[in-house]
Every structure is written in C-alpha cells, then in structure tokens.
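Coordinates in review
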Amino acid sequence: MSSTTAAPAPQDTAPGGLSRGLMILFVLALVLAVALFAGPRFGVVLLIGLGFGLALEGFRFGFTGPWRRMILERDASGLIAQLICIAIVALAAFPLLAANGAELKGAHAPVGLAMIGGAFVFGAAMQVVLGCGSGTLVNAGSGNAVGAVALPFFAIGSFGGAYHLSWWTSLGSLPVVALEGTQGLMITLSGLAAVAGLALLIGVKGSHRLPRRYWGAILVLAGLAILHLMVAGQPWGVVYGLGLWVAKGVVAMGGDLSGSTFWAAPGNAAQVQASLLTDITSLTDLGLIGGAALVAWWRSGLASPVGKLPARAWAAVIIAGLVLGYSSRLAFGCNIGAFFSGIGTGSAHGWVWFIAAFAGSWVGIRLRPMLGLEATR
Amino acid sequence: MIRRNVTLLVALGVAGLLALDHAHSQPLNPYTAPPMLALGSGLAATGGHCAAPPPPVQ
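These notes cover the structure that comes with them. (Residues numbered from 1 in each chain as written. Chains lettered and ligands numbered in written order. Predicted model: local features only at pLDDT ≥ 70, side-chain atom pairs only at ≥ 80, totals over all residues. Heavy atoms only, no water.)

1. Structural notes on the overall build of chain B
- Across its full length, chain B carries 1 helix and 0 strands.
- In terms of overall dimensions, chain B is more spread out than a globule: its C-alpha atoms have a radius of gyration of 18 Å, far above the 10 Å expected for 58 residues.
- Once the C-alpha set of chain B is aligned to its principal axes, its extents read approximately 50 × 35 × 25 Å.
- Across the 58 residues that make up chain B, the buried fraction comes to 26%.
- As displayed, chain B has an accessible area near 3700 Å², and 65% of this comes from carbon and sulfur atoms. (Helix = DSSP H or I, 4+ residues; strand = E, 2+ residues; numbered from the N terminus. Rg over C-alpha atoms; globule rule 2.2 N^0.38 Å. Buried < 20%, exposed > 50% of the residue type's maximum accessible area, 1.4 Å probe, protein only. Areas by Shrake-Rupley, 256 points an atom, 1.4 Å probe, with all protein chains shown as cover.)

Pasting the structure below:
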C-alpha cells in the first residue's frame, strides 16, 4: 500500500463569517473562564499558548521541517528564521533575567551523557513523525493523524522519562552552565550569527531570502515567548506538561508515584494534585492544540482527507511517540524547552542539544522511508 | 477519513483529560492564584519546566 494513497478529497468548505465570529467568542469565553476560575495569570498563559498555535499553523512554521530541508535540500532559510527568532528572544530575555533573577528563571539545565544521548534520539524520532514537541501538538490539533496518534505516546514517554530522570542524570552530568548579562548575550548572539553564517555557507544560493510568512512567524513567536517569560516567570516549554497529564492519570487510577525521585519531589507532587489549569506548560500545550485547530478549521473546514499509511508505519509512529517523550525528558527539553528557550535564555545545554538533535535528525530522515512513512529514499 | 474527524477525536481527548483532572484535582481557587504578571510580582517562579534539573537520586 502506498504511504500517500488517499481517498478522493471532498470539497474543502471554509466556515462562514457567522461561524468564525461565534468561534472567536467561544475561544475568548474559554480563556475568560480559566482566568476567572483558575486565576488571571493562567488565563493569559492559555491565550499565549493559543497564540503560539495560531502562529505556528497560520504561518506554516516549525522546527522539524526546516531542519529536514536544510539536510536534504540545503535550504537554510527555515533554520535561519529559527535562529533570528531565538536572537530576538535573547535580546529581551537576558536583560530581563539579569534584572529580575528572583522572579524570572531561564531554561537552564546541565549538560550530561543522558542529555546528549536524549537529544540525539529526539532529533531522530522527530524526523520520523515529522513533528517535534510543539510540532506534534500543532499537527494533532490541525487534524494530522500521525501527530494525533503520536501525541498520547509522547505524553506516556514524557512521564516515563521524568520518572527515571534522576537516575539517568546521575550517570554523568556537568554543573549547569548559563550565560548571563551583556557578555553572555554577546556570546549567544555571536553563536547564533556563526551558525547562521555556516548555514548560509553550506546552503543553496538564495537561502538568505526568507519568505514573508517566516518574518511573520519570527516576530509573533518571539513576541509571545518574551511575553510568556514575563507572565509565567519561566520560558516557553512543552514536555513537562505532557508527562504531568499521564502522572495525573496514573494517580487517578490509584497508582503510587512515591517510588520516583522526580514525581515524588515536593513541587512536582503538588502539581500532580493541583489542577492542570494551574500548570503553565499544560496551558500552553492545550493552547497550541487549540490554536492550530482553529487555523486549520478557519482555512478549510478541515475537510481534506487523511493519508493512508501501512501498519508498520503506524507502529513506527507509536514507538517514535514514546521515544520522543522519553528522550526529551533526558535531554532537558525538546526543540522548545531546550533549543529555543535554552539558547534564548543562555543555557549551554541548549547549544549541545542543538548539535546532538541535528545529528539525530540526519539519522531520522533516513529512517523515515524504511519505516514506511514515505517512498524509499 | 477526513482531518475534521482527527481534530474532533483530539478535542474529545482533551475534554476527557480536563474532566478527569477536574474530578481528581484540588478545587480551583482564583483568590490564592499568583498575580497576572510574574515580572514585578516579588514572587519566585515555581512552575514546572522540562529544563529544570531533577532532584538528586536518594
């Protein structure tokens, strides 16, 4: 069976003006309800999450696709757009963190053996399902069956990775290294410029010309990420929330998490008991799904058919989902928590994550056709 | 199958998750919630994040 065979496409029917107006009111009412019942910060964080989903799906921007195009076609434009976006975030985040260190925290994590291995494996798995942390949520929301199938397994993997995280980290880990202040910002910007220069050097001619939609994505995502830091006190992240969803399910079914150093830690144990509507990453994750669904519905009414895949491809999606979740916890984040927010707030682990995950992506791209997810390369 | 069905299934999953969460979590209390902006609040950020270093093995 061909991996791309699909039923004839029904006519796409974009919703009318009244439907769109009612949908906007419904979404705003949900945000208002969260603000009223959980607290204003949580309403705003949900709104920011919706903004992330709207921007990523609306501008057709992401992290996995541009890396794939860089590796396969040497089209560096998407990667350069990511680097510019991170640079804008860093320009605001470094002074904010320097002046408000007691209220705001960066995405700072230690570099270690499991962290590097986790990032490599994550890079490979994200190319298999063509979705990273944010990408899987956006894909699921916009009606992509691969993303929807991968998402629950991503969450289960994230729970498992967090469960074992302390053990993995004990295998070998350096102290946390975080660049700070003006000097740290200059080093970060120089690093981003150097990677962009290298990408342009390797990339095909014309890679420096970014499509207009990329500029839209850069400005909106950077603005929302800075706002997220100011509102939530922490940078944008994805995978903590997914693991938390499963932890709550385990406890609801009578499970005991006291055997896990991670889930038994006071802060995490308290969050398992508290409502998801008071967890920052859960709210932005839900917003990503909702925002992407909204854009997909707005554009076409979600009437396009779902492509068919062979059974081994679906098995690969399930395994890749589990691997994505587990490895992203070992790596101290996905493309958002480690790469985007890690580098943007000065963490050395963000840079190491980038190198390891990019190398893993090279492997994942070659795995994808073997697993039945596309024609053999 | 069309994409609308997939999105509806995902929405159903999210609704189920929130319902389960509502049934098993401590009740919400907006009066004990943190201020809208962390910046300028004078409170330390305490939310969970994937980059947060784990507790040491006991």
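So much for the structure itself; the text now carries on.
2. Focus on a nonpolar patch on the surface
All names here are of chain A.
- The grouping of Phe120, Val121, Trp362, Val363, Leu367 and Met370 at the surface amounts to a nonpolar patch, some 520 Å² of accessible area in total.
- Sorting the residues of the nonpolar patch by element identifies helix H5 (113-129) and helix H17 (348-370) as the ones contributing at least two each.
- Here the nonpolar patch takes 4 residues from H17, the largest share from any one element.
- Of note, leucine 367 is situated in helix H17. (Patch = residues over 30% accessible without salt bridge, like charges linked within 9 Å, V, L, I, M, F, W, Y side chains within 5 Å. Salt bridge = Lys/Arg side-chain N within 4 Å of Asp/Glu carboxyl O.)

3. Points about the interface of chain B and chain A
- Tallying the contact residues gives 44 residues for chain B and 72 residues for chain A.
- A buried area of about 4500 Å², summed over both sides, lies between chain B and chain A, and 66% of it is on carbon and sulfur atoms.
- The largest contributions to the chain B side of the interface with chain A come from Arg3(B), His49(B) and Cys50(B), which together make up 16% of the buried area.
- The shortest N-O distance in the salt bridge between Asp21(B) and Lys248(A) comes to 3.0 Å.
- At the junction of chain B and chain A, the tally comes to 23 residue pairs in polar contact (both at pLDDT 80 or more).
- For the side of chain B that touches chain A, a count of residues per class yields 28 nonpolar, 13 polar and 3 charged. (Contact = heavy atoms within 4.5 Å. Buried area = accessible area lost by both parts, 1.4 Å probe. Polar contact = N/O pair within 3.5 Å; in protein donor to acceptor, adjacent residues only side chain to side chain. Nonpolar A, V, L, I, M, F, W, Y, C, P; charged D, E, K, R; others polar.)

4. Remarks on the pattern of salt bridges
- Using the criterion set out here, one finds 4 salt bridges over all chains in the structure.
- Connected through shared salt-bridge partners, Arg68(A), Arg368(A) and Glu374(A) make up one network.

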